Amino acid sequence: MAQLSNLTGLSSLEQALAPNIIMTDDPMRTKMLAAHYLENSEIIYELRGLVGYNGSYKDENISLVSTGYGESSALLHLYDAMILGAKRIVYMGECISTTADVGLRDVILSDSGDKLLIEQTLASARVLAIDVSKRKVLTNDRFPLLNESLMGDIIDFASASIATFAALNQIALVAILTVTRNLATGESLEEHERQSRMNNAARLAFETLASRE
């Protein structure tokens, strides 16, 4: 497949990424995850505020990549990750709840994704005693600006689009999301909490990729 662009930073790398990749939107969160979870981590690129790392977790080689926000940015990073050898990807992001039944910090597993990897994620959640709700997630990265009508209980900015692209290209992808805003109650997490208080989602992401197929 021809290279589309050199916009993400990934496509200019001289080394392949690990087959197992965690993608997350916030570059500061990426740095925190690398510091807390990766062994022998090294920065493999830093461009336009986004950053990528290679390292290991429980003897499994893992790359950790920040994508920026929105469908287009996430799809560009996913495309380049595919070119560089991605096989299994956990997308760890934020989501918005429109119902009081789903509260702040709740961990949501999107039902759009690879069925086997979803089952591995659920198995890891049981081992870690992390409450996870598998739900249909609506992806819409325009509604905050356009005040569009909301048609779902859970909304995020990328997961459904990248899950579809991954499936078309034989990449196993699962999206683990944390509720950072609740429109029904008016609550939201502060910016520093969005970077640092997604511990359950982070543990679940790394343990899922460390599990053997």
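Up top is the structure these notes are about.
Residues numbered from 1 in each chain as written. Predicted model: local features only at pLDDT ≥ 70, side-chain atom pairs only at ≥ 80, totals over all residues. Heavy atoms only, no water.

Student: What's the story with the overall build of the chain in this structure? I'm lost.
Tutor: Of the regular secondary structure elements, the chain holds seven helices and 11 strands. Of all 213 residues assigned to the chain, the portion counted as buried reaches 54%. A total accessible area of about 10,000 Å² is found for the chain, and carbon and sulfur atoms account for 48% of it. (Helix = DSSP H or I, 4+ residues; strand = E, 2+ residues; numbered from the N terminus. Buried < 20%, exposed > 50% of the residue type's maximum accessible area, 1.4 Å probe, protein only. Areas by Shrake-Rupley, 256 points an atom, 1.4 Å probe, with all protein chains shown as cover.)

Student: How should helix H7 (residues 199-210) be read in this particular structure?
Tutor: Two residues of an α-helix separated by three or four positions point the same way, owing to the 3.6 residues in each turn. Here H7 contains 12 residues, and its C-alpha end-to-end distance of 16 Å stays within 8% of the 16 Å for a straight helix at 1.5 Å per residue. H7 sits mainly inside the fold: nine of its 12 residues count as buried. Burial in H7 covers these residues: Ala201, Ala202, Leu204, Ala205, Phe206, Glu207, Thr208, Leu209 and Ala210. (Expected span 1.5 Å × (residues − 1).)

Student: For this particular structure, what's the right way to read the packing of aromatic side chains?
Tutor: For any pair of aromatic rings, geometry is given as the distance between the ring centres together with the angle between the planes. The final tally for this structure, using the stated rule, is four aromatic pairs. Ring geometry for Tyr57 and Phe206: centres 5.2 Å apart, planes at 50°, overall tilted. A residue pair is termed long-range when its members are at least 10 positions apart, and Tyr57 in strand E3 (residues 50-57) and Phe206 in helix H7 qualify at 149 residues. Owing to a relative accessible area of 12%, Tyr57 belongs among the buried residues under this scheme. Note on Tyr79 and Phe165: the rings are 6.5 Å apart at their centroids and 55° apart in plane angle, and the pair reads as tilted. On the criterion of sequence distance, the pair formed by Tyr79 in helix H2 (residues 71-83) and Phe165 in helix H5 (residues 159-168) is long-range, its members being 86 residues apart. Residue classification places Tyr79 among the buried positions, given a relative accessible area of 5%. Taking the relative accessible area as the measure of exposure, Phe165 reaches 22% and is therefore partly exposed. Clustering of aromatic rings is evident, with ring pairs tying together Tyr37, Tyr57 and Phe206. (Phe/Tyr/Trp six-rings, centres within 6.5 Å; stacked < 30°, edge-to-face > 60°.)

Student: Hey, could you run me through the pattern of salt bridges in this one?
Tutor: Where side chains of opposite charge bring their charged atoms close, a pairing between them can arise. With the rule as written, the count across this model stands at four salt bridges. We note a salt bridge from Arg29 to Glu94, for which the minimum N-O separation is 2.7 Å. With Arg29 in helix H1 (residues 27-37) and Glu94 in strand E5 (residues 88-97), this residue pair connects regions lying 65 residues apart in the sequence. Each member of the pair, Arg29 as well as Glu94, carries the same accessibility label: buried. The partner of Lys58 in a salt bridge is Glu207, and the shortest N-O contact between them spans 2.6 Å. Residue Lys58 is located in the loop between E3 and strand E4 (60-66), and its partner Glu207 is located in helix H7; the two are separated by 149 residues in the primary sequence. Via salt bridges that share partners, Asp25, Arg29 and Glu94 belong to a single interconnected network. (Salt bridge = Lys/Arg side-chain N within 4 Å of Asp/Glu carboxyl O.)

Student: Mind showing me how you'd approach H5 here?
Tutor: Three or more residues of H5 are buried, namely Ser159, Ser161, Ile162, Ala163 and Ala166. Summarising the contacts, the buried residues of H5 are in contact with H2, E5, strand E6 (107-110), strand E8 (138-139), strand E9 (154-156) and strand E10 (172-182). (Contact = heavy atoms within 4.5 Å.)

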